[in-house]
Amino acid sequence: MTTAAEVLARGLYDAGCRYAFGMPGGEVLAVMHALADAGIEFHLARHENAAGFMAEGTYHVTGMPGILLATLGPGVANAVNVVTNAWQDRVPLIFLTGCVDAADAAGYTHQVFDHGALLRSVTKASLTLADGAVETLVEKALAIATQGRPGPVHIDIPIGLAGKAQSKTRPIRLPTAAAMAPAAGPDLMRARDLLAGARRPLLIAGLEVTAQGADAAVADLARDFAIPVITTYKAKGILPEDEPLALGGAGLSPLADTHLLPLIEASDLVLLAGYDPIEMRHGWRHPWDPAQKPVIEFVAAPTTHGMHGASLTFVGDIGAGLRALRDGVAPGESWSNGAPVAARQALREAFAADEAWGPAAVVDEVRRALPTDGIATVDSGAHRILLSQVWPCPAPRTLLQSTGLCTMGCALPLAMGAKLAAPQRPVVAFTGDAGLEMVLGELATLRDLRLNVVVVVFVDASLALIELKQRQAGLRNLGVDLGETDFAAVARALGGIGVAVTDRAALRTAVSEGLAADTFTVIAAAIGRRAYDNRF
Ligand SMILES: Cc1ncc(C[n+]2csc(CCOP(=O)(O)OP(=O)(O)O)c2C)c(N)n1
Ligand SMILES: [Mg+2]
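About the cut-offs
- Position numbers for residues start from 1 in each chain and track the written sequence from start to end.
- Each chain takes a letter, starting from A, and each ligand takes a number, starting from 1, following the order in which they are written.
- With the structure being a predicted model, the display of local features is reserved for residues of pLDDT at least 70 and the display and counting of side-chain atom pairs for 80 or more, all residues being used for whole-chain, interface and lining totals.
- Derived side-chain values reflect all non-hydrogen atoms in the structure, with water molecules and hydrogen atoms excluded from consideration.
- Any two strands between which DSSP finds at least two bridges are classified as paired.
- Each helix corresponds to a stretch of at least 4 residues labelled H or I by DSSP, and each strand to a stretch of at least 2 residues labelled E; elements are numbered beginning at the N terminus.
- Only the contacting stretch of a helix is used when fitting its axis, a line to C-alpha atoms as for every element, and angles between N-to-C directions run 0 to 180 degrees.
- Any N or O atom pair separated by 3.5 Å or less is treated as a polar contact, with the protein-specific requirement of one donor-capable and one acceptor-capable atom, and with residues adjacent in sequence counted only for side-chain atom pairs.
- It only takes one pair of heavy atoms within 4.5 Å for two residues to be counted as in contact.
- Throughout this description, the term nonpolar core refers to a set of buried Ala, Val, Leu, Ile, Met, Phe, Trp, Tyr and Cys residues connected via side-chain atoms within 4.5 Å.
- Exposure is judged per residue with a 1.4 Å probe applied to protein chains only, and the accessible area is read against the type maximum: over 50% gives exposed, under 20% gives buried, and values in between give partly exposed.
- We call a residue near a molecule or strand when any one of its heavy atoms sits within 4 Å of it.
- Only the protein chains shown count as cover for residues, and all accessible areas are computed by the Shrake-Rupley method using a 1.4 Å probe.
- Note on ring pairs: Phe, Tyr and Trp rings are taken, using the six-membered ring of Trp, and paired if centres are within 6.5 Å. Classes follow the plane angle, with under 30 degrees stacked, over 60 edge-to-face and the rest tilted.
- Placement of a charge over a ring requires the Lys NZ or Arg CZ to be within 6 Å of the ring centre, with the centre-to-atom vector within 35 degrees of the ring normal.

Student: Just checking my understanding: could you explain the sheet that holds strand E2 (residues 41–44) for this structure?
Tutor: Remark on secondary structure: sheet strands pair via backbone hydrogen bonds, oriented parallel or antiparallel. Judged by pairing direction, the sheet is parallel, and its six strands sit side by side in the order E2-E1-E3-E4-E6-E5 without closing on themselves. One side of each edge strand has no neighbouring strand; the edge strands of this open sheet are E2 and strand E5 (125–128). With direction set aside, neighbouring strand axes in the sheet form an average angle of 25°. Note: strand E3 (residues 66–70) against strand E4 (residues 93–99), five bridges, orientation parallel.

See the structure below:
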């Protein structure tokens, strides 16, 4: 006998899913056991929200959708933030939940609400598993989650159905639809003419490039045609950031924008590669007028964001699109006035990391200690905006963060998922003190998983980003200060190594020992309040 839960689990396994995280309740036990029996590792987290970020961490390493499992009612409600994050940050997440059978729901209210109605605005789809159609629904969920603009898909699993035998089962059919390359035609000819005639071309690359694995196509185009590249924070490293054409990440820093936006203004052709402006703040609304300047866009799915326009839009396979664009075009002169080199130099000076001590020194020391195959994650707050400017990425997908939703509490669990899926790679999580306090329980999960993630916490006893905004707005100090937490002691109490540091040398030692340890390490870097004034 094969149950519906087993068919579901086998389907997800056959599609390549290997990791599930969550918090069970009585209503999802059959599903949890079926997942494990099918060969999908199930890991218990301390909060559904963190479990979802662990699943996301595995996705960035493996490229396969992660699975979040939650029980009905409070389990679903606890997961709303991470599901929304998957929606805004374009993460293919399969969210499995239990629900009472329809007949029961008609006359029973305890913990019962309409999961689909709650989740519909923040998922690509909310499906309910149906007797005899399990394979079809798994196929549908995976196709929806991974195709076009990736995102979360919810599957509600009625309790009675999970353990019910399925009379006929079949292997699932994996999604076959491939992203389309641009068709030959007048638009492509015009795009090639524009590239051939450009003298000051500029590339802006976004998260869809990493999602589609089109990094090499972007980097090759940039190098071969000497086109400077601005990326979003999520796309950092598409062009290794030590290369002269890499202008770093843009998104949240008005200071960085003062150097980058004038380059856009000066350019005579803007090429957008997988650029989804969901990562960008107000300053990136309509940064060009396509009536005045040619803008050629390659995107994964049709756009309706209203953030900018383009002269030509090609929807589908971004790598194939860029290769088709350059086909038959000879590289010409590029930026003979040297403006991108000057902008790069100005950015380096604006975000210098040579201070004796402070948040940039913390970032600088860890960057020196982390090998180039290392993965860093960073939480939301002032520390992230500074780090995203100061931290050079040697490759894509080596700096993970929440850039669409910008939620706190993501860095630690993202690091845990990444480490689990890539145990041989060193992993460091950067977080603010408030962000770490939001997910402290996951240090216990870290201990139980025996992962040697190094957690670096910027201790400023403050919601620094919000305190800064409060002060800039001329408001009195309210609701933004934290008491002092001894994070090193907390780490030790939870079974890890804890170190408090106040200078570069001690930090250097703590990071190298942490990376070599057989358990997790929390490094509490005391930077004091108001460390970010005039930094970004
Ligand atoms: C879940 C969530 N709640 C609130 C916010 C708003 N917010 C953004 S940054 C921030 C302060 C974070 O403080 P901390 O983690 O200490 O980082 P710091 O700014 O001090 O570097 C807050 C409250 C958010 N982004 N996410
Ligand atoms: Mg703080």
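Picking up where we left off.
Student: Would you mind going over the side chain of Ser 253 with me for this structure?
Tutor: Counting through the fold element by element, Ser 253 comes out in the loop between strand E9 (246–250) and helix H13 (254–266). A polar side-chain atom of Ser 253 sits 3.3 Å from the main-chain carbonyl oxygen of Phe 536. Not counting the four nearest positions on each side in its chain, Ser 253 is found in contact with Tyr 233, Phe 351, Ile 385, Gln 389 and Phe 536.

Student: What exactly am I supposed to notice about the nonpolar core here?
Tutor: What tends to happen in soluble globular proteins is that the nonpolar side chains get buried as a cluster. With 57 residues, the main nonpolar core has Ile 204, Ile 230, Trp 391, Phe 430, Tyr 532 and Phe 536 as its most contacted residues. Counting residues per element, this core draws most heavily on helix H17 (residues 382–390), at five residues. If sequence neighbours within four positions are ignored, Trp 391 has contacts with Lys 236, Glu 241, Val 363, Val 366, Arg 367, Leu 370, Ala 376, Leu 399 and Phe 430.

Student: Can you walk me through the site of ligand 1 in this structure?
Tutor: Ligand 1 sits among 17 residues. The nearest are Ala 382, His 383, Cys 406, Asp 433 and Gly 435. Contacts to ligand 1 include Ala 382, whose backbone N or O atom sits 2.8 Å from an oxygen atom. Measuring from an oxygen atom of ligand 1, one finds a side-chain N or O atom of His 383 at 2.8 Å. Within the complex, 79% of the 580 Å² of free accessible area of ligand 1 lies under protein. Among the secondary structure elements, those contributing two or more residues to the shell around ligand 1 are H17, helix H19 (433–438) and helix H21 (464–472).

Student: How should I be thinking about the packing of aromatic side chains in this particular structure?
Tutor: Note on aromatic pairs: each is described by the distance of the centres and the angle between the planes. One pass over the full model with this rule turns up four aromatic pairs. Pairing Trp 391 with Phe 430 gives two aromatic rings, centres 5.4 Å apart and planes at 75°, and the pair type is edge-to-face. Of the two residues, Trp 391 is situated in the loop between H17 and strand E14 (399–400) and Phe 430 in strand E15 (residues 427–432); the sequence distance between them amounts to 39 residues. By the burial criterion, Trp 391 is buried, and Phe 430 matches it. Judged by centre distance (6.3 Å) and plane angle (50°), the rings of Tyr 532 and Phe 536 are tilted. In this structure, Tyr 532 and Phe 536 share a single accessibility class: buried. Each member of the aromatic cluster is reached from another via a ring pair, and the members are Trp 391, Phe 430 and Phe 458. Over the aromatic face of Tyr 13 sits the side chain of Arg 18, whose NZ or CZ is 3.6 Å from the ring centroid.

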